[in-house]
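Structural overview for review
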Amino acid sequence: MLVEFQSVCCTHASSEPVRCLSGWIITPCEPALRQIQSTMGRSRSSSGVPTVVVGLAALLFSNVLIYLYLASLYQSDVQLVSSHIGCQPQHFKMATMKNCTPWLQCSQINAEVRKLKLIGQGAIKKVYLAEWRTQKVALSKLSSLDYLEDFLHGLSMVQALQGPHVVQLVGFCLEEHTLVTEHHPHGSLLNLDVVLAQEQHQQHNTWQTRLRLATDYVSILHYLHNSPAGRRVMCDSNSLEKTLSQFLLTNDFHLVVNDLDALPEVDASRGLLVKCGHRELTGDFVAPEQLWPFRDSGKPFSDDLMPEYDEKTDIWKIPDVTWFLMGRVPGGDLAHFHLFQIHDQCKKEDPTLRPSAVDVLKVYKSVYSSMVRDSVGFRDML
Ligand SMILES: Nc1ncnc2c1ncn2[C@@H]1O[C@H](COP(=O)(O)OP(=O)(O)O)[C@@H](O)[C@H]1O
Ligand SMILES: [Mg+2]
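Anyway, here's the lowdown on the structure attached to this text. This structure is a prediction, so every number in the text was calculated from the model and none was measured.

Parameters at a glance
Residues numbered from 1 in each chain as written. Chains lettered and ligands numbered in written order. Predicted model: local features only at pLDDT ≥ 70, side-chain atom pairs only at ≥ 80, totals over all residues. Heavy atoms only, no water. Donors = N, O, S within 2.8 Å, 3.2 Å for Na, K, Ca; no water. Helix = DSSP H or I, 4+ residues; strand = E, 2+ residues; numbered from the N terminus. 1 Å grid on protein atoms, 1.4 Å probe; cavity = no way out; pocket = protein on both sides within 12 Å on 5 of 7 lines; lining within 4 Å. Points joined across faces, edges and corners; volume = space filled by probe spheres on them. Nonpolar A, V, L, I, M, F, W, Y, C, P; charged D, E, K, R; others polar. Buried < 20%, exposed > 50% of the residue type's maximum accessible area, 1.4 Å probe, protein only. Pairing = 2+ DSSP bridges. Contact = heavy atoms within 4.5 Å.

Now for the coordination of the magnesium ion (ligand 2). Working reference: metal with six octahedral donors, ideal angles 90 or 180 degrees; metal with four tetrahedral donors, ideal angle 109.5 degrees. Those donors, Gln-246 (OE1) and Asp-259 (OD), are the protein atoms that reach the magnesium ion (ligand 2), and they lie 2.1 Å from it. You can see Gln-246 sitting in the loop between helix 7 (240–245) and strand 11 (247–249) and its partner Asp-259 sitting in the loop between strand 12 (255–257) and strand 13 (265–266), a full 13 residues away along the chain.

Listed below in structure tokens is the structure:
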């Protein structure tokens, strides 16, 4: 008698679930193996050695299949990270371009990039809508030499962190303190409610789009906290408005981080911690460890005495950003209900008790999937 074998795709309990080939079953490895072993045990007692051999061969075969499948997944992920737009490093390609092009240099920026109008201004840069050939781009110019160091730091981070989570660099000119990036017509996240209220975008004003944006936001934090340039803290985020202004809304309603001018590095192994600026921070939006600890005793603020902190300040801010991103749409309250526990953990006074960005990300993804499943089930019932 032949043992009937189901192809099994398994995950280790501690790792993220593995996407399985259609028709395969997702199960944790150990129960799956136990199931196979007990099936084999039953068959051995009834049919003897040949059944065991066939069973082992089938097990080996399914392991080889799993290995090949995971290897192919890993390979495609690596390609995705290293060239999400399919270009070599230091090249760019916008949606309507056929070929990848090397980053523009000073001569090309001066000759070919035409400024059209001012579209944004923060503390460090003036940002203009501009045109390069037939492409719309954003041309950012340093607004004051006082901020040259921040500008150069931001530019080096944008270069080092190019990938799906970061605005695409089109070129830069160090001598003129300019940088050119892909233009995102919806602008920063500050515009989210206005954009989603427009008639042509109203169909996107749903909990699904909004929870996806919140998930993008947490994915970006996870990327910055584990980036190729080390563990980076999103420091330019001392208020909700400031934080929202650093992210751009793409045409397909995803997020990219744009302003990386204040991204200091934390490294526990080198005892490296950070301070976001040299002035006193106030308010509920920033994490408690960012506040002057002697404020109640009346002792005046001193930067020298102000303790340093780490990337858990970004985690503290997640619930407030997500509250804004979810807006007031049907289903939003249910999402908040499901996220209540993880958000409660993000708001722990003690930074070491807060979850990491990847912990938060896992919960966001699972809440999204379960809400989609429930809403499909609910539709089917009607
Ligand atoms: N690529 C872009 N596409 C569309 N708008 C942009 C782009 N880059 C910047 N902006 C707009 O300009 C504003 C300021 O840009 P930012 O880089 O944050 O400047 P700063 O470093 O001075 O804070 C952003 O909040 C956004 O509204
Ligand atoms: Mg900014």
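More follows now that the structure is in view.
This part is about empty space enclosed by the protein. This structure, assessed with the given rule, holds one cavity of 30 Å³ or more. Of the pockets and cavities examined, the largest cavity occupies roughly 60 Å³. Lining the largest cavity are Lys-275, Cys-276, Gly-277, Arg-279, Glu-280, Leu-281, Gln-290, Trp-292, Phe-301, Asp-303, Met-306 and Tyr-309. Looking at side-chain class alone, the lining of the largest cavity contains six nonpolar, two polar and four charged residues.

This part is about the pairing of strand 9 (residues 178–182). Across the five residues that make up strand 9, a large majority, five, are buried. Strand direction decides the pairing type here: strand 7 (residues 135–142) and strand 9, joined by five bridges, are antiparallel. In the sheet register, Val-137 faces strand 9, and the bridge partner there is Glu-182. Pairing of strand 8 (residues 169–173) with strand 9 involves four bridges; the strand directions are antiparallel. Each bridged residue has a counterpart across the sheet, and for Phe-172 the counterpart in strand 9 is Leu-179.

On to the side chain of Ser-140, then. Residue placement: Ser-140 occurs in strand 7. Note on Ser-140: relative accessible area 7%, which makes it buried. Leaving out residues up to four positions away in the same chain, Ser-140 has contacts with Lys-125, Lys-126, Val-127, His-177, Thr-178 and Leu-179.

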